[in-house]
Amino acid sequence: MVVYNIITYSIIIFSIQRLFFNRARTNQKIKFLNLIKEGRLEILTGAFVMPDEATTSLYTLVDEIITGRQWVSNFLGVTPNISWAIDPFGHGPTMPYLMKLAGVDKLVVQRTHFGWKKYLGAKRYGNFNWVPRWDTNADYKMLTHHAPYDIYTTKHTCGPNPLVCLRLDFRSVIGEYSEYSRHARPVRDIDLDELAADMVGQFQRTASLFSPSRVVMFELGEDFRFGISEEWDQQYENHVPLMNHINANRDRFGVDIRFGTVSDYFNAVELENHKLATFSGDFFPYSDVYLFGRPAYWTGYFGTRPYWKKFYQETLSLMRDAEILYTYAGNLAARDPDHVMSVVLRREYRNFVEARKMTALFATHDGVTGTSRRVTMEDFGQKLMEARKTALQIQRQSIRTIFYNGLNATISSLGLDTQTLSFGELPTRVPRVIYESDTITKKILVFNSLSFNRTELIRVLVTSPTVKVVGTRNENIHSQINPYADLDQEEIVFGKVFELSFLAELEPMTLHSFEIRRTTYDDPLAAKTAKVSCRGCKTLDTQYEGTFSHFEVENITSPTIILGNKEQELYFNGTTGFLRRVIKLQEEISIPVKVQFGAYRSVYRDSGAYLLKPDVESHIQIPFDDQVPAKLLIVEGPVTSYLASYDSPLVVTTRLLGSRGQGIQVENQIDLGNVPAEVYMRIDTWLNSTTLSVHKQNQPTIFTDQNGYTMEKRVKVPWIGYEGNVYPVTSMVYMQDTENLVRFSVMVDRAHGFNSMNPGRLEALIERRTIYDDGKGMAEGVTDNRKTISNYIFHIERLGPSSDSSPEPRTDPKDNSDYRNNLPTLQAQKLSLGLNHVPTTFGYDDTLGGFLGRYSLLTKPLPEDSHVLTLRTLSNFSILPDETEMPSEKALLVTQKLGYLPFDANTTSCTRNNYSVFSNARDLFEQGTKFVNLDIDSADITDLAGVVGVQYSGKRSFLPIVERKPFEIATLLVTFRQKKATNSNKRGSSHAYHHQYGREIPQTLSLIQETTTLESVSYEKAR
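Here is what the cut-offs are and how they apply
Residues numbered from 1 in each chain as written. Predicted model: local features only at pLDDT ≥ 70, side-chain atom pairs only at ≥ 80, totals over all residues. Heavy atoms only, no water. Helix = DSSP H or I, 4+ residues; strand = E, 2+ residues; numbered from the N terminus. Buried < 20%, exposed > 50% of the residue type's maximum accessible area, 1.4 Å probe, protein only. Contact = heavy atoms within 4.5 Å. Areas by Shrake-Rupley, 256 points an atom, 1.4 Å probe, with all protein chains shown as cover. Disulfide = S-S within 2.5 Å. Core = buried A, V, L, I, M, F, W, Y, C linked by side-chain atoms within 4.5 Å. Phe/Tyr/Trp six-rings, centres within 6.5 Å; stacked < 30°, edge-to-face > 60°. pLDDT = per-residue confidence, 0-100. Pairing = 2+ DSSP bridges. Axes fitted to C-alpha atoms, helices over the stretch in contact; angles between N-to-C directions. Salt bridge = Lys/Arg side-chain N within 4 Å of Asp/Glu carboxyl O. Expected span 1.5 Å × (residues − 1). Parallel < 35°, antiparallel > 145°, perpendicular 65-115°, else oblique. Left-handed = near helix turned anticlockwise from the far one by under 90°. Patch = residues over 30% accessible without salt bridge, like charges linked within 9 Å, V, L, I, M, F, W, Y side chains within 5 Å.

Colleague: Got a minute to help me understand the overall build of the chain in this structure?
Modeller: A count of helices and strands for the chain gives 18 helices and 55 strands. Evaluated residue by residue, the chain yields a buried proportion of 62% over its 1023 residues. The contacts of the chain with a sequence gap of at least 6 include a subset with a gap of at least 24, amounting to 75%. Within the structure as shown, the chain displays about 38,100 Å² of accessible surface, and the carbon and sulfur contribution to it stands at 48%.

Below, the structure written as C-alpha cells:
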C-alpha cells in the first residue's frame, strides 16, 4: 500500500481492521495513519461491522455504529462521511437514517432484487436520494449510489460483460487455479489497444445507466483479495499502463481514468449538479439470478437458526440494561472515587468494552443472519455467552453500587431467578428457598429500563405455597400459586416446587424491590391457589410425591376449552390445545383466530441458510402424531390463566394476564431433532386484509416493522411465489380489515420471516432444518438446530375510520397519509418494546425491615412516546498509552420519539384522522428533568455516535429541552460532574499520539476481509 503511491484504497469493516491495528508494530501503525492523512486510504462507514439490515433491531444498529465510530475517531482520527454497504442481503431505510445522524451523507448499496436493478437501470436512476417515508421535508435524504450489476466482485463491476471484466483482473498466483487466473494475461502479452477499447466500452455502457451523469466507478477487489504482495504488483504493473494508454488517447476514447476513492466519485457526481430522483421505502426481499439463471430469493435467513436470533436479542436486552445501570451507578460511585464500588466498576469496564464488541460483531451480515458455517456460528455463540455473563455481572455490581451510594444500604449476593448455564441450552429456573424463620425474607429486584409505566408478570419458583407478596409501597400485592410442571416420558409431571406469580406495576427507569414473605394457609393475603385441569398428568388417581397434592386437579374432557379475563375470552380446540377464537368483550369483537402448525419440505439446493424455497405442495405433520390428543395443562387464577399443550415436537402455551391491555401471550417451544423441515406457525382469521395492488387486484396485505423502527406495507405479488412474499419482522407484524375496522397484530421477540398468502392469514417459519447447501457461500446445510423458545403477543384493536380511503397511489411526495394511517398504536409499541426488553429479576435474602421500595434514575418520567435507546458510558482513551479503555465522565443518551397511530379512549378505537400527532415536534424530556443524586456539567446535542457536531449549550444541571418529531432520534453528550480519585487512575498519562500502541485480542473465526481499490472514471462522448 505504501509502495504504490498513486493507488488509493478503501477499508470498510473495522472489527477486522482493529485486529490488524492491535497487532501491528508502531512503525506499521504510523504508515497506516499516514496513508489516511495523505488521502490514499479512505475509511468508509466507520461502523464496527457491515450489519445485516433485515434481522437486526434498532438498538443493534445504533450500538454497532457507536462502537465502531468511537474507535475510528479516537484511534484513527477520522469521521467517515460515506457508507459502503455492498454485501447485506437487501437494504432497508433504517440504516441510511442512522448513518445520516452519524454524519454520513453518501451511501453505496449493492444487493437489491434483480427487478429493481432492471427498473433503476431503465430509468437511469443509478444515483438517487433516499428519503424516509415519514420525512416529508426530506431533511434526512441520503445521496445513494446503486451498484447496477449483480454482485461486487471484479467479474461483475466493470460493466455488463463478465468476460471483459475478468480480463481486467490480473491476479495470477502460482499454484492457484480459478476463473480469474484462466483469463489473466499481462498487458505486455496482449493487444493493449484492444483491451483498452473493451474496457472503455464497458464503462460507456455503465454510464448509460446513470445518465445524464458521465462519471463511472469501477471497484477492483473482493473478499479475500490483496492478501499477498504478488497480487499488488500484478494489479499495479498492468492497470497503470492500461490507464496511461487510455489517457494518452483521450481524443479517441473520450475518457479520463485514474485511481480514486469513493469520495472522489461522489465529489465528481455532485459537481455535475444533476437533479436526482427521490426514493422512499426498502429493498426487500433480495433476489438474484446470476448463479442459477432463475430467481433465488434470499428470504430463508430471516428465520435461519432461531436459537441464535433469540439468544442474541436476549443478550442485547441485558446489555442495554447494563449500559443504563452502569452509567448511572458509575457516576454515582464517582462521588467517592476511592470507595471500593467505584474501583470495582472501573475494573469491570474493560470486560464491558469487550462485551460491547462481541455483541456488535454478531450484527454482521453473516452473524445474526445465521449464515456462517457451523464452527463459526458456535464461536459466535460462545462470544455472545461471554457478553451475556458480563452484562449480568455489570448489572449486579451496578445495583450494589446504587444500594450503597444511593440508598446507604448494603445488599448480599444477587442471584438470578432464571439462568442460562451454557450456550445452546434453554434457560433454567432457580427455586427460592422459603425459610421457616419469620425474620428472613426473599427480595426480588426488578429494573424497568423502559421509559413508560408497564405491567410485568413476575414468575418465581418457591419451595413453599404459603407465601405472600409485598410491594414497593409496603402494600400487599395479589399473587397466585401455580404448579410447576414439565413433560417427562410423555407425561406431565408436577415438580417439587411451586410457581409464585404476581403482576408488578413498574415505573419508568426505576429499580423496584418486592418482598416474598412466609405466611399461613388461613392468611387472606396469602397467594391464591390456582385452579388446575390436566390431561396426561402422572397418576391423577393417586397422590404424587411432589406438589401435586396441593392442587385440586380436574380431568379435561370438554371438546372446547375457554379461558378469560375481564377484557377477552379465548376459545381452544380441546384436542390440540391451540387457539380457535377470540372475543374482545368491551369492543364487542368476535374473531375466529385459528392457530396451527405444520412444515414444508425444502426444495433441493434452492432452500438453505440464505435461500428459501419450500415445497408448498408437500406437508409434514406438526405435531408429529395428530392421532393422539395432546397433553394439556390448564391453570386459572386472578393473576394469570394459561393453557399449555404438549405434543412433540411442540410445547405451546397461551396465556392471559389479570390486567387490561396486555394482549394474548403465546410461547412456542420446538425441538425438531433430526427431522429436515421448514416448520411454520399459521394464524388464520376472517379479516378481509386485502388492498388494491398496483395491478388493480385485491391482494392480501400485511404491515411489517423495519428493525423495530418504522413500518412498511407489503402487498402479495402472486407470481413470485411463497418465498418471494416473505418479509423480515423483528418486532411486530399486523393485518387489518378496513371494512370491519379491526387490526390483528403479532409482536415477536426475535427476527422472523412472515408472509400472507391468503386474506386474513399470517404465517411465519419458526424453525428450519435444511440438509442442502443453497450454493450461496456457506457450503453446508443447517443441521445444528437447538431446542428453541419463541414468545409472541397477539393484540386485537378496533380501528377508527380514515379520512382518506382512496386506493389510488399518491403522486405528491409530501402526501404520506397512506403511511401514517397505518402506523402501529402507542399501546402496540409499548407491548412490543416490553416483549423485547423483559426485565431481569434478581433475588436475595434479606431481614424483615430491609429496603423495600423504588429507586428512580430520573427525577421526572419521560413523555410516554419517548424511548431511551441507550445511556452509554464513553471511554476515556487518554488515560492509558495503549488501547485499554477506561470509563469517562461522559455518556451518550440516545432517545427516540416514537411514531404511532393515536388512540381515542372515548371510542376505544384508533384514530386515523389526527395527523398532528404525526407531524408536530414534541419534547423528548420533561422540563427540569435531572438524574437523581447526580450532577451534570453539560448535556449537548451531538451526532449519533458522539464524535462530531457537538452543539455546546453551556453548563447545566438538568437535561435540556429537545424537540423531535415522531421517528426522529436525538443524541445528547452528557458530562457528569465527578470528583478526582486520590489514589487511582494514575497508571498512565495522557498520550498525545495514543494511536501508536495496541494490545492483542483473539482473532475471530472465518470473518471476511473486504479490501477494495477504486478506479474513478470520467466519461466524455468522443468527438
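Colleague: How do you make sense of the environment of Gly330 when you look at a structure like this?
Modeller: Here Gly330 shows up in helix H12 (residues 306-333). Considering only alpha carbons, one finds Gly330 and Ser342, 12 residues apart in sequence, at a separation of 6.7 Å. Apart from residues lying up to four places away in sequence, Gly330 is in contact with Leu325 and Leu345.

Colleague: Can you help me understand unusual backbone geometry in this one?
Modeller: In terms of backbone geometry, most residues other than glycine have negative phi values and most peptide bonds are trans. Note the cis peptide between Ile622 and Pro623, where omega equals 0°. Looking at where Pro623 falls in the secondary structure, it is placed in the loop between strand S30 (614-621) and strand S31 (631-636). The phi dihedral of Arg305 falls on the positive side, at around 50°, and the residue is not glycine. Mapped onto the elements, Arg305 comes out in the loop between strand S11 (296-297) and H12.

Colleague: Looking at this structure, I do not really get the state of the cysteines. What am I missing?
Modeller: Covalently bonding the sulfur atom of one cysteine to the sulfur atom of another cysteine gives a disulfide. Under the criterion given, the structure shown has 2 disulfides. The disulfide bridge from Cys158 ends at Cys165, spanning 2.0 Å between sulfur atoms. Between Cys158 and Cys165 the sulfur-sulfur dihedral comes to about -95°; the bridge is accordingly left-handed. Here Cys534 is linked by a disulfide to Cys537, with a sulfur-sulfur distance of 1.6 Å. Taking the sign of the S-S torsion, 90° for the link of Cys534 and Cys537, the bridge is right-handed. Comparing Cys534 with Cys537 shows no difference in burial state: the two are buried.

Colleague: Please explain the nonpolar core as it appears in this structure.
Modeller: The nonpolar side chains of soluble globular proteins are, as a tendency, buried together. Membership of the largest hydrophobic core comes to 70 residues, with the highest contact counts inside it found for Ile399, Ile402, Phe931, Leu959 and Val974. Of all the elements, H12 adds the most residues to this core, at 15 residues. The contact partners of Ile402, leaving out residues within four places of it in the chain, are Leu325, Tyr328, Ala329, Leu332, Leu407, Leu511, Tyr855 and Leu857. With 47 residues, the next largest nonpolar core counts Val595, Leu632, Ile670 and Met681 among its residues.

Colleague: Hey, could you run me through the packing of aromatic side chains in this one?
Modeller: The geometry of two aromatic rings is summed up by the distance between their centres and the angle between their planes. Applying the stated criterion to the full structure yields 48 aromatic pairs. Both rings, one in Tyr97 and one in Tyr709, keep their centres 5.7 Å apart while their planes meet at 15°; by these two values the pair is stacked. Of this pair, Tyr97 sits in helix H4 (residues 94-101) while Tyr709 sits in the loop between strand S37 (698-706) and strand S38 (710-715), and the two are 612 residues apart along the sequence. Summarising the burial analysis for this pair, Tyr97 and Tyr709 share the class buried. Centre to centre, the rings of Phe403 and Tyr844 are 6.3 Å apart; their planes meet at 85°, and the pair counts as edge-to-face. Of this pair, Phe403 sits in helix H14 (residues 374-407) while Tyr844 is found in strand S45 (residues 841-847), placing the two residues 441 residues apart along the sequence. Overall, the relative accessible area of 5% leaves Tyr844 in the buried class.

Colleague: What exactly am I supposed to notice about the confidence of the model for the chain here?
Modeller: In regions of low pLDDT, the predicted coordinates are not meant to be interpreted in detail. Overall, the predicted model of the chain reaches an average pLDDT of 88, with 89% of residues at or above 70. Predicted confidence for residues 540-545 stays below pLDDT 50, and this span has 11 contacts to residues more than four positions away or in other chains. When the criterion is pLDDT under 50, residues 984-1023 qualifies, and its contacts beyond four places in sequence or with other chains add up to 155 contacts.

Colleague: Which parts of the structure should I look at to understand the sheet that holds strand S26 (residues 568-573)?
Modeller: Pairing between the strands of a sheet comes from backbone hydrogen bonds, and it takes one of two forms, parallel or antiparallel. Spatially, 4 strands are ordered S25-S26-S27-S28 in an open sheet, and the strand pairing comes out antiparallel. On the outer flanks of this sheet lie strand S25 (560-564) and strand S28 (589-592), each paired with one strand and no other. With strand direction ignored, the average angle separating the axes of adjacent strands in the sheet is 15°. As judged from the 4 bridges shared by strand S27 (residues 579-584) and S28, these two strands associate in the antiparallel manner. Looking across to S28, one finds that Ile583 is bridged to Ser590.

Colleague: Would you take a moment to explain the pairing of strand S54 (residues 969-976) for this structure?
Modeller: Where a strand is regular, its side chains alternate between the two sheet faces. Of all 8 residues making up S54, 8 are buried, and the element is well covered by its neighbours. Burial along S54 is two-sided: the face carrying Ile969, Thr971, Leu973 and Thr975 and the face carrying Ala970, Leu972, Val974 and Phe976 are both buried. Both strand S48 (residues 886-897) and S54 contribute to a ladder of 7 bridges, which runs antiparallel. Across the sheet, the residue bridging to Lys890 is Thr975, located in S54. Where strand S52 (residues 936-942) and S54 come together, 6 bridges link them in antiparallel fashion. Across the sheet, residue Asp940 finds its bridge partner in S54, namely Leu973.

Colleague: I keep staring at the pattern of salt bridges and nothing clicks. Help me out?
Modeller: Throughout the structure, instances matching the rule amount to 49 salt bridges. Between Glu780 and Arg373 there is a salt bridge; the shortest N-O distance is 3.4 Å. One end of the pair, Glu780, is in the loop between strand S43 (761-769) and strand S44 (788-802); the other, Arg373, is in the loop between helix H13 (340-362) and H14, with 407 residues separating them in the sequence. Here Arg854 makes a salt bridge to Glu507, at a shortest N to O gap of 3.2 Å. Taken together, the residues Arg854 in strand S46 (residues 854-856) and Glu507 in the loop between strand S20 (491-506) and strand S21 (510-518) connect sequence positions 347 residues apart. The class for Arg854 is partly exposed, based on a relative accessible area of 31%. Overall, the relative accessible area of 22% leaves Glu507 in the partly exposed class. Salt bridges linked by common partners bring Asp169, Arg171, Glu176, Glu222, Arg225 and Glu231 together as one network.

Colleague: Quick question: what am I supposed to make of the pairing of strand S35 (residues 677-684) here?
Modeller: Buried residues dominate S35, accounting for 8 of its 8 residues. Residues Ala677, Val679, Met681 and Ile683 line one face of S35 and the alternating positions Glu678, Tyr680, Arg682 and Asp684 line the opposite face, and both faces are buried. Of the strand pairs in this sheet, strand S29 (residues 594-602) and S35 are connected by 7 bridges, and their pairing is antiparallel. The residue bridging Gly598 from the neighbouring strand is Tyr680, located in S35. Note: S35 against S43, 8 bridges, orientation antiparallel.

Colleague: Quick question: what am I supposed to make of helix H9 (residues 229-248) here?
Modeller: Structurally, the α-helix is built with 3.6 residues per turn, so residues lying three or four positions apart point the same way. Over its 20 residues, H9 extends 29 Å from the first C-alpha to the last, a length consistent with the 28 Å expected when each residue adds 1.5 Å. Within the sequence span of H9, burial applies to Glu231, Trp232, Gln234, Gln235, Asn238, His239, Val240, Leu242, Met243, His245 and Ile246.

Colleague: What should I look at first to understand the packing of helix H3 (residues 58-76) against H4 in this one?
Modeller: Helix-helix packing is described using two parameters, namely the angle between the two axes and the distance between the axes. Viewed as axis vectors pointing N to C, H3 and H4 meet at an angle of 40°, and their least axial separation amounts to 11 Å. Taken together, H3 and H4 sit at an angle that is classed as oblique. Pair H3 / H4 crosses with right-handed handedness. Mapping the contact onto sequence places Leu58, Leu61, Val62, Glu64, Ile65 and Arg69 in H3 and Thr94, Met95, Leu98 and Met99 in H4.

Colleague: Teacher, can you tell me more about the sheet that holds S54 here?
Modeller: Pairing in this open sheet of 4 strands is antiparallel, and the strands run S47-S48-S54-S52 from one edge to the other. Two strands in the sheet have a free side with no partner beyond their single neighbour: strand S47 (866-876) and S52. Averaged over all pairs of adjacent strands, the angle between strand axes in this sheet comes to 25°, irrespective of strand direction.

Colleague: Would you take a moment to explain the packing of H3 against H13 for this structure?
Modeller: Where H3 contacts H13, the axes come no closer than 9 Å and their chain directions differ by 120°. Compared by their axis directions, H3 and H13 come out oblique. The chirality of how H3 crosses H13 is left-handed. Together, Asp63, Glu64 and Thr67 of H3 and Arg356, Lys357, Thr359 and Ala360 of H13 make up the contact between the two elements.

Colleague: What exactly am I supposed to notice about a nonpolar patch on the surface here?
Modeller: Together, Val433, Tyr435 and Ile440 make up an exposed nonpolar region whose accessible area comes to about 240 Å². Tracing the chain through its elements places Tyr435 in the loop between strand S14 (428-429) and strand S15 (440-448).

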